[in-house]
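# Reading the structure
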Amino acid sequence: MGIQVEFNPDLALRNISEFKNGNRKEEECIPEAIKEGESYNFLKKGQRNYWLEGEIPLLETRGNNHLSIPVASIIIIESTHFVLNGELWTKGKYKVIEVFDKEDKIHFNGFAKI
């Protein structure tokens, strides 16, 4: 069978409306008023590995690989795998380094922040 692990070059969370509509937990969504310098919890289904040694993009996802341009630059502070009701999850904490406005400026080239 094997061990299913996903390596993520970014953190992709849902729009906060998914939490407000009762579809997702708050930690699965981007905070409504995300602020530089603040830390937030995240929750993702599955066993996911993130780069912990530098800044990565925070994206908004609608699922099925429908991803936004980067919303912010973050650092993953901690990441833990756990089992809940027989399903594997990844939870953790990230710190916001820079919040981006909605312009179409490029902020990352692969793992390198521009």
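The model shown is predicted, which means the values in this text are computed figures rather than measured ones. Along every chain, residues carry numbers that run from 1 in the direction the sequence is written. Where totals are concerned, whole chains, interfaces and linings use all residues; where local detail is concerned, this predicted model gives features only for residues with pLDDT of at least 70, and gives and counts side-chain atom pairs only at 80 or more. Side-chain calculation: all heavy atoms of the structure are included, whereas hydrogens and water are not.

## Brief notes about the layout of surface pockets
- Its boundaries defined by the atoms lining it, the largest pocket holds a volume of some 370 Å³.
- Forming the walls of the largest pocket are 19 residues, and the residues nearest its centre are Glu-6, Ala-12, Lys-44, Arg-48 and Thr-61.
- Helix numbering and strand numbering both begin at the N terminus, where a helix is a DSSP run of H or I of at least 4 residues and a strand a DSSP run of E of at least 2. Mapped onto the lining of the largest pocket, the elements with two or more residues apiece are β1 (6-8), β2 (11-13), β3 (39-45) and β4 (48-50).
- No other element matches the three residues that β3 contributes to the lining of the largest pocket.
- Tallied by class, the residues present in the lining of the largest pocket amount to six nonpolar, five polar and eight charged.
- Of the voids in this model, the second largest pocket is the one considered here, and its volume is about 160 Å³.
- Considering the residues around the second largest pocket, the lining is formed by Ile-16, Lys-20, Glu-26, Glu-27, Cys-29, Ile-30, Pro-31, Glu-32, Tyr-40, Asn-41 and Tyr-94. Lining residues are those with an atom within 4 Å of a point, where the points come from a 1 Å grid over the protein atoms alone and group into cavities, where a 1.4 Å probe fits but cannot get out, or pockets, open sets with protein on both sides within 12 Å along at least five of seven lines. Grid points are joined across faces, edges and corners, and a volume is the space filled by probe spheres set on the points. Asp, Glu, Lys and Arg are counted as charged, while Ala, Val, Leu, Ile, Met, Phe, Trp, Tyr, Cys and Pro are counted as nonpolar; the rest, among them Gly, fall into the polar class.

## So, the pattern of salt bridges
- Between Lys or Arg on one side and Asp or Glu on the other, a salt bridge is scored when a side-chain nitrogen of the former is within 4 Å of a carboxyl oxygen of the latter. Scanning the entire structure with this criterion turns up four salt bridges.
- Here Glu-28 makes a salt bridge to Arg-24, at a shortest N to O gap of 3.3 Å.
- Categorising residues by exposure relies on relative accessible area from a 1.4 Å probe, with only protein chains included: less than 20% of the type maximum marks a residue as buried, more than 50% marks it as exposed, and the intermediate range marks it as partly exposed. Glu-28 sits in the buried class, given a relative accessible area of 9%.

## Concerning unusual backbone geometry
- Positive phi, normally seen in glycine, also occurs at Asn-65, with a value near 65°.
- In this fold, Asn-65 is placed in the loop between β5 (56-60) and β6 (72-84).
- By relative accessible area, Asn-65 is classed as exposed at 73%.
- Not every positive phi belongs to a glycine, and Asn-85 is a case in point at roughly 50°.
- With respect to the helices and strands, Asn-85 occurs in the loop between β6 and β7 (87-99).

## So, the pairing of β5
- When you tally the buried positions in β5, you get four out of five residues, the bulk of the element.
- Criterion used throughout: strands pair if DSSP finds at least two bridges between them. One ladder, built from three bridges, connects β2 with β5; its direction is parallel. By the bridge assignment, Leu-11 is partnered in β5 with Leu-58.
- Inspection of the sheet shows β5 paired to β6 by three bridges, in the antiparallel sense. Counterpart to Ile-56 in the pairing with β6 is Ile-74.

## Some details on the sheet that holds β3
- Taken in spatial order, the five strands line up as β2-β5-β6-β7-β3 in an open sheet, and their pairing is mixed. The outermost strands of the open sheet, each flanked by one partner alone, are β2 and β3. Sheet twist, expressed as the average angle between the axes of neighbouring strands with direction ignored, equals 35°. Here an angle of 0 to 180 degrees is reported between the N-to-C directions of two axes, which are lines fitted to C-alpha atoms, with helices fitted over the stretch in contact.

## Examining the environment of Ala-12
- Note on placement: Ala-12 falls in strand β2.
- When the C-alpha positions of Ala-12 and Leu-67 are compared, they lie 7.4 Å apart, and in sequence the two are 55 residues distant.

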